[in-house]
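# Structure at a glance
The residues making up each chain are set out below.
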Amino acid sequence: MRKDVRILLVGEPKVGKTSLIMSLVSEEFPTVVPYRAEEITIPADVTPERVPTHIVDYSEVEQTDEQLLQEISKANVICIVYSVNNKTSIEKVTSYWIPLILDNTDKDSRVPLILVGNKSDLVEHSSMDTILPIMNQYSEIETCVECSSKNLKNISELFYYAQKAVLHPTGPLYCPEKKDMKPLCVKALTRIFKVSDLDNDGILNDNELNFFQRTCFNMPLEPQALEDVKNVVRKNLIDGVCDNGLTLKGFLFLHTLFIQRGRHETTWTVLRRFGYDDDLELNQDYLFPPLKVPPDCTTELNHTAYLFLQSVFDKHDKDRDCALSPEELRDLFDVFPYMPWGADVNNTVCTNEQGWITYQGYLSQWTLTTYLDVQRCLEYLGYLGYSIIAEQESQAAGMTVTRDKKIDLQKKQTQRSVFRCNVFGDVGSGKSGFLQAFLGRNLMQQTIKEEHKSYYAISTTFVYGQEKYLLLHEVFPDMDYLSDADLACDIICLVYDVSNPYSFDYCAKVFKQYLTDCKIPCMMIAAKSDLPETKQFYSCSPLEFCRKNKMPPPQSFTCNTAGVPSRDIYTKLSTIAMYPHARLRCMCTCNRCTFCMCQNLLNSELLQTVRAKLHAVVLRRHMSQADLKSSTFWLSASVGATMFAVLGFTMYRVLLKAR
């Protein structure tokens, strides 16, 4: 909606332009009329449309041609005034004024024209027979009003129509020659119909019509009024009503009828409520509401947004198989001006055996879009009508901006639901297989065309019984050009191929060059563990490297399995990402049971050292059979075993108490 309206009155001298303005203001015919009235501003609370209105007069006596052209360029609507009893002033409408205005206004932004026949009190006949051919000739003419400034006939109506021509123009909606709505208008109303069709059955039932009416006009329809509307459609259109509901054809017919009967404001109210501007394009303010995201903060969908997206999924999952077929997906995005998801989406989220996006995959893709590009997500939700259907102020109400990660680390807890893991590794190390295995695909199911390849994979994991999203991002293997964005994540995965002796070298170099002083937790993945392990050509083994750099030991992984690859490693990644300060070392999926705590104890560096020393004492080569039979040896072994047991039990109790 415009902030104000500027009305310019032009016409031949002495046709009554100034008298019209003064009669409107004083509500009486002026006895003394100046050459030109000063610009008048009518406050918003006085006008029917609640918009400030500026009325500008023109006088060729006081103004130059240059000033006239300036006023024409600033006007939102131009009233061409003629005298009904003066044929010359009528002829000048087409011979001078309309060509002058059209030549000096932008063709792309058409200025509406109002023809005003003044001094109707001086004649008994109407000038409409002469004016109608002119109106048919120029589509810029919105309407014609005959009035009289002397007896105040149609004065208020004149300026109301002028204001209406700006706020509710006919041009973008309707083609008088074809007597039908224009294609852009039909397209916009079709989207509105589909968004309002909450069950996607192709008709608007009584509940949907009432919701639509309440959304657009803040009041429901009475049952009888609703039935009257449907009866009007039934009388004029065979297939306008089906199963006592309004079809798309019936919906479009109603708006055509509104426009033909001069009720443009009804259609414009609907269009603007659903985000359209005067050019019938979705408004940028509607698609991109303000949302401030501070540095080191991420964006997630909140519960209301997930419920809305769930309803959209259910609306289009016609066969109720918890997956969207290609046809169902196209139907879902039919309200978009373009297809937002490409072929790579099927390799980014979970799909069923037919390759269709599942319900979980659908929500995961929305979560991914929100995390990576929140502005794009706001745009998508705008196309789906989130603010209208969810009855929210804007799409921004469906977003949660998380707090700074530094605060999470200080408090050692987080409320975030999405955690990002950047995956590094040399070419052929198994990164893509690692991502696809997260989506439940083994090696035989990972045949991907290059144009369909995705560098992201997202799905859900459970951390201590809480469902979280883990986002894996495969980083391009060029360690000389790693940017801050490549390192901005919650956990880093370094993948190497156990069967390739040169694979680990890349991971070690990346860690030393970029991650030595980094506070982001890292994990080493020994990929392709089903193949024979080869010694890595590096100064130390991967296990020793991890110990030196205080990392968990390398985790074996393979996607070459008969069934679905194990998800334990992904749970581990999510747990460390959520609790980076915990330094967990076991591979159990809960990290709370007795087995997990014992595993953590047995894998600790202290017990590893003790075990190694005992092993060396017992199995050293120079040890004789006499030594094994001596009482001193067995006494020492018994004492050592007892101390080991006591120490282990004590540490177990400490861990249990801490838990």
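Residues numbered from 1 in each chain as written. Predicted model: local features only at pLDDT ≥ 70, side-chain atom pairs only at ≥ 80, totals over all residues. Heavy atoms only, no water.

Take the sheet that holds strand β19 (residues 491-497) next. Judged by pairing direction, the sheet is mixed, and its six strands sit side by side in the order β17-β18-β16-β19-β20-β21 without closing on themselves. Each edge of the sheet is formed by a strand with only one pairing partner; in this case those strands are β17 (456-463) and β21 (555-556). The pairing of β17 with strand β18 (residues 466-474) spans eight bridges and is classified as antiparallel. Looking across to β18, one finds that S459 is bridged to L470. (Pairing = 2+ DSSP bridges. Helix = DSSP H or I, 4+ residues; strand = E, 2+ residues; numbered from the N terminus.)

Here the focus is the pairing of strand β5 (residues 113-118). Residues in a regular strand project their side chains so that they alternate between the two faces of the sheet. A large share of β5 lies buried, amounting to six of its six residues. Burial of β5 is two-sided: the residues L113, L115 and G117 facing one way and the residues I114, V116 and N118 facing the other way are all buried. Two elements, strand β4 (residues 77-83) and β5, share six bridges in a ladder whose sense is parallel. Each bridged residue has a counterpart across the sheet, and for Y82 the counterpart in β5 is G117. Pairing geometry for β5 and strand β6 (residues 141-146), over five bridges, is parallel. (Buried < 20%, exposed > 50% of the residue type's maximum accessible area, 1.4 Å probe, protein only.)

What follows deals with helix α20 (residues 503-515). Given 3.6 residues per helical turn, the α-helix brings residues three or four places apart onto the same face. A rise of 1.5 Å per residue sets the reference length of α20, with its 13 residues, at 18 Å; its end C-alpha atoms lie 18 Å apart and thus fit the reference within 8%. Those residues of α20 not exposed but buried are S503, F504, Y506, C507, A508, V510, F511 and L515. Structurally, α20 contributes buried residues whose contacts are with β16 (418-425), α19 (484-487), β19, β20 (522-527) and α21 (542-548). (Expected span 1.5 Å × (residues − 1). Contact = heavy atoms within 4.5 Å.)

This paragraph deals with the packing of helix α7 (residues 206-217) against helix α10 (residues 264-273). For any two helices packed against each other, one specifies the crossing angle of their axes together with the interaxial distance. Close contact between α7 and α10 brings their axes to 9 Å; oriented N to C, the two are set at 90°. Here α7 is positioned roughly perpendicular relative to α10, judged by the angle of their axes. Mapping the contact onto sequence places F212, T215, C216 and F217 in α7 and T266, T269, V270 and R273 in α10. Within the contact of α7 with α10, the residues separate by chemical class into four nonpolar, three polar and one charged. (Axes fitted to C-alpha atoms, helices over the stretch in contact; angles between N-to-C directions. Parallel < 35°, antiparallel > 145°, perpendicular 65-115°, else oblique. Nonpolar A, V, L, I, M, F, W, Y, C, P; charged D, E, K, R; others polar.)

Judged by pairing direction, the sheet is mixed, and its six strands sit side by side in the order β2-β3-β1-β4-β5-β6 without closing on themselves. Strands with a single pairing partner mark the edges of an open sheet, and in this sheet they are β2 (40-42) and β6. Strand after strand, the sheet turns through a mean of 20° between neighbouring axes, direction not considered. Set on the sheet, helix α2 (residues 65-74) makes contact with β1 (5-11), β3 (53-57) and β4; between it and β1 the angle comes to about 140°.

A few words now on the nonpolar core. Y362 and W366 are the most contacted members of the largest nonpolar core, which totals 69 residues. Leave out the neighbours within four places in its chain, and Y362 touches L309, V312, F313, L324, L332, W341 and I357. (Core = buried A, V, L, I, M, F, W, Y, C linked by side-chain atoms within 4.5 Å.)

Moving on: the packing of aromatic side chains. Each aromatic ring pair is summarised here by two numbers: the centre-to-centre distance and the angle between the ring planes. For the coordinates displayed, the defined rule picks out 29 aromatic pairs. With a centroid separation of 5.1 Å and an interplanar angle of 40°, the aromatic rings of F434 and Y570 are classed as tilted. Of this pair, F434 sits in helix α18 (residues 431-438) while Y570 is found in helix α22 (residues 568-578), placing the two residues 136 residues apart along the sequence. Under the relative-accessibility criterion, F434 is labelled buried at 1%. An aromatic cluster is present here, built from F313, F333, F336, Y338, W341, Y359, Y362, W366, Y380 and Y383 joined pairwise through their rings. Positioned above the aromatic ring of Y96 is the side chain of K92, whose terminal nitrogen or guanidinium carbon lies 5.6 Å from the ring centre. Lying across the ring of Y455, K453 places its NZ or CZ 5.0 Å from the centre. (Phe/Tyr/Trp six-rings, centres within 6.5 Å; stacked < 30°, edge-to-face > 60°. Lys NZ or Arg CZ within 6 Å of the ring centre and 35° of its normal.)

Overall, the coordinates contain 20 salt bridges when judged by the stated rule. E265 is the salt-bridge partner of K164, the closest N and O atoms lying 3.2 Å from each other. Taken together, the positions of K164 in helix α5 (residues 155-167) and E265 in helix α10 put the pair 101 residues apart, joining distant regions of the chain. With a relative accessible area of 23%, E265 lands in the partly exposed category. Across the pair K194 and D334 runs a salt bridge whose closest N-O atoms are separated by 1.9 Å. Taken as a pair, K194 in helix α6 (residues 183-196) and D334 in the loop between α13 (326-332) and β14 (357-358) lie far apart in primary sequence, 140 residues in all. Residue K194 is classed as partly exposed on the basis of its relative accessible area of 29%. On the basis of relative accessible area, D334 is assigned to the partly exposed category, the value being 39%. (Salt bridge = Lys/Arg side-chain N within 4 Å of Asp/Glu carboxyl O.)

Once that is clear, we can look at helix α15 (residues 374-383). Along α15, eight of the 10 residues are buried, which leaves the element largely enclosed by surrounding structure. Of all the residues in α15, the buried ones are V374, C377, L378, E379, Y380, L381, G382 and Y383. A positive phi of about 75° marks G385, the residue just after α15.

As for its placement among the helices and strands, K449 is situated in the loop between α18 and β17. Each C-alpha atom, one on K449 and one on A343, is 10.0 Å from the other, the two residues being 106 residues apart in sequence.

This part is about the confidence of the model for the chain. With 88% of its residues at a pLDDT of 70 or more, the chain shows a mean pLDDT of 87. Scored below 50 in pLDDT, residues 585-591 shows 26 contacts in the model against residues more than four places distant or in partner chains. (pLDDT = per-residue confidence, 0-100.)

Here S59 is to be found in the loop between β3 and α2. The contacts of S59, once residues within four sequence positions are left out, are Y35 and R36.

So, about the packing of helix α9 (residues 248-260) against α10. Running from N to C, α9 and α10 point in directions that differ by 135°, and their axes come no closer than 7 Å. With respect to α10, the axis of α9 lies oblique. Across the interface between the two elements, H255, F258 and I259 from α9 touch H264, T266, T267 and V270 from α10. Residues that form the contact of α9 with α10 fall into these classes: three nonpolar, four polar and no charged.

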